[in-house]
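# Reading the structure
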Amino acid sequence: MSTDVTSEGFGRLVREHQSKVRAFLRRLTRGDAALADDLAQETFFEAHRKLAQYQGRGSFASWLCGIAWSRFLMERRRRREEPLGEIEDTASVDPRPASHARLDLERAMARLSAEERAALTLCYALGHSHGEAAEILDIPLGTVKSHVLRGREKLKAMLES
Amino acid sequence: MTEDDLDILLSKPLDEVADDGFSMRVATKLQRAAWWREHVMLYAPVAAVAAVVPFLPGEEITAVALRLTPLLAQSGAIAFAAGVLALTITFEQRFRETQSAL
């Protein structure tokens with residue numbers, strides 16, 4: 001994995017990872033593409049500043065997801081968000097065509113806590129192990145497992161109702 | 001919905017997000033930030049000095065400099081310090097050249 005700090009080298013890294021980082025942030029922001037893209041930009045700026053600190057312990061994508069998660073948390077603190085009653089209908093935010101099952105999943109996901117959304121997304125859709133997710137989210141392994149378990153239970157109940 | 005159905009649904013990869021100029025915007029902003037940093041680093045000290053110079057007591061500084069220069073030129077301690085400084089700079093340059101050759 002190249003960690004070239006030149007504009008050209010870093011540009012390649014942005015092109016390579018932008019989709020994953022933006023999709024992860026869209027899931028976290030409940031489909032708010034504009035906010036997700038702002039956070040993704042900040043994520044890449046911070047990654048550029050801290051590139052020398054990347055030690056190659058995990059994958060570069062995991063490191064980026066960790067930065068994205070911390071940017072998301074900062075934004076959430078700034079907005080003091082997450083009252084459940086104010087959840088938007090994510091299907092109306094994202095204009096792309098999607099299957100009913102996918103839309104149902106996104107709607108149900110939007111009702112989970114951010115921590116549950118992040119843990120489920122990292123462990124399932126992005127294919128990380130629980131250990132990697134714990135590092136990315138900077139929380140203990142047991143906490144990740146309980147977020148996954150609780151998130152799954154809630155999703156199952158919501159999708160069945 | 002079974003556990004397996006949920007697993008399958010959750011495990012579907014996130015939708016691909018088209019670049020649509022995102023990478024270019026990031027690169028452009030990074031370049032602009034780097035340009036500003038470079039120019040501020042270069043010109044800020046010059047501007048600061050230029051702002052202070054008109055308020056300095058020029059005649060007094062010149063008089064002190066004229067009085068001190070011969071004394072400094074004849075000082076053994078100053079000559080020794082200048083020698084050490086020159087050697088340090090030379091050594092540091094050689095060291096860098098060796099490191100970059102490796």
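Residues numbered from 1 in each chain as written. Chains lettered and ligands numbered in written order. Predicted model: local features only at pLDDT ≥ 70, side-chain atom pairs only at ≥ 80, totals over all residues.

Looking now at the overall build of chain B. Of the regular secondary structure elements, chain B holds four helices and zero strands. Along chain B, helices and strands appear, N-terminal first, in the series α-α-α-α. For a compact globule of 102 residues, the expected C-alpha radius of gyration is about 13 Å, and chain B comes in at 31 Å, more than 25% above that figure. If you line up chain B on its principal axes, its C-alpha atoms span 95 × 40 × 25 Å. (Helix = DSSP H or I, 4+ residues; strand = E, 2+ residues; numbered from the N terminus. Rg over C-alpha atoms; globule rule 2.2 N^0.38 Å.)

Here we take up the overall build of chain A. Looking only at helices and strands, chain A has eight helices and zero strands in total. Along chain A, helices and strands appear, N-terminal first, in the series α-α-α-α-α-α-α-α.

Moving on, we come to the nonpolar core. Core analysis: the largest hydrophobic core is formed by 36 residues, its most contacted members being Leu25(A) and Ala68(A). Elements supplying a minimum of two residues to this core: helix H1 (7–28), helix H2 (33–49), helix H3 (60–79), helix H6 (114–125) and helix H7 (130–137) of chain A together with helix H2 (22–52) of chain B. Among the elements that line this core, the one with the most residues is H1(A), at eight residues. Beyond its immediate chain neighbours, meaning those up to four positions away, Ala68(A) contacts Val21(A), Phe24(A), Leu25(A), Leu39(A), Ala40(A) and Thr43(A). (Core = buried A, V, L, I, M, F, W, Y, C linked by C-beta atoms within 7 Å. Buried ≥ 20, exposed ≤ 12 C-beta atoms within 10 Å, placed from the backbone. Contact = placed C-beta atoms within 7 Å.)

Glancing now at the environment of Ala73(B). Residues and elements named next belong to chain B. With respect to the helices, strands and loops of the structure, alanine 73 is situated in helix H3 (residues 58–73). For alanine 73, a count of 9 C-beta atoms within 10 Å gives the class exposed. Along the primary structure alanine 73 and valine 49 are separated by 24 residues, whereas in three dimensions their C-alpha atoms are 27 Å apart.

Right, let's get into the interface of chain A and chain B. Between chain A and chain B, the residue contacts involve 27 residues of the former and 18 residues of the latter. Broken down by secondary-structure element, the contributors of at least two residues to the side of chain A that touches chain B are H1, H2, helix H5 (100–109), H6 and helix H8 (141–160) of chain A. Of the residues forming the side of chain A that touches chain B, the biggest block, eleven residues, is contributed by H1(A). The residue inventory of the side of chain A that touches chain B, partitioned by class, reads 13 nonpolar, six polar and eight charged. (Nonpolar A, V, L, I, M, F, W, Y, C, P; charged D, E, K, R; others polar.)

Quick look at the domain arrangement of chain B now. For chain B, the assigned domains read domain 1 (1–56) and domain 2 (57–102). One C-alpha centre belongs to domain 1 of chain B, the other to domain 2 of chain B; they are set 41 Å apart. (Domains from an automatic or database assignment.)

What follows covers the packing of H7(A) against H8(A). Residues and elements named next belong to chain A. Viewed as axis vectors pointing N to C, H7 and H8 meet at an angle of 105°, and their least axial separation amounts to 8 Å. Taken together, the axes of H7 and H8 lie roughly perpendicular to each other. Along the contact surface, H7 presents His130, Gly131, Ala133, Ala134 and Leu137, while H8 presents Leu141, Val144 and Lys145. Counted by class, the contact of H7 with H8 contains five nonpolar, two polar and one charged residues. (Axes fitted to C-alpha atoms, helices over the stretch in contact; angles between N-to-C directions. Parallel < 35°, antiparallel > 145°, perpendicular 65-115°, else oblique.)

Since the α-helix advances by 3.6 residues per turn, residues separated by three or four positions end up pointing in the same direction. Residue and element names in this part refer to chain A. In this model, H3 (20 residues) spans 29 Å end to end at C-alpha, consistent with the 28 Å of a helix rising 1.5 Å per residue. Turning to H3, its buried residues are Trp63, Leu64, Cys65, Ile67, Ala68, Trp69, Arg71 and Phe72. Arginine 80 occupies a position one or two residues after H3 and carries a positive phi of about 45°. (Expected span 1.5 Å × (residues − 1).)

Turning next to H2(A). The first and last C-alpha atoms of H2(A) sit 24 Å apart over 17 residues, in line with the 24 Å expected at 1.5 Å per residue. Along H2(A), the residues that are buried comprise Ala36(A), Asp37(A), Leu39(A), Ala40(A), Gln41(A), Thr43(A), Phe44(A) and Ala47(A).

Residue and element names in this part refer to chain A. Its place among the elements puts leucine 105 in helix H5. Classification of leucine 105 as buried rests on a count of 22 C-beta atoms within 10 Å. Spatially, the C-alpha atoms of leucine 105 and lysine 156 are 9.6 Å apart, while their sequence positions differ by 51 residues.

Now for unusual backbone geometry. In this model, Asp138(A) sits at a positive phi of 60°, which is unusual for a non-glycine residue. Tracing the backbone through its elements, the reader meets Asp138(A) in the loop between H7 and H8. In this model, Asp20(B) sits at a positive phi of 45°, which is unusual for a non-glycine residue.

Residues and elements named next belong to chain A. One way to put it is that H2 packs onto H3 with a least axis distance of 9 Å and a crossing angle of 125°. The pairing of H2 with H3 is recorded here as oblique in orientation. Where H2 crosses over H3, the handedness of that crossing is right-handed. Judged by residue contacts, Leu39, Ala40, Glu42, Thr43, Glu46 and Ala47 of H2 engage Leu64, Ile67, Ala68, Arg71, Phe72 and Glu75 from H3. For the contact of H2 with H3, the residue count by class is seven nonpolar, one polar and four charged. (Left-handed = near helix turned anticlockwise from the far one by under 90°.)

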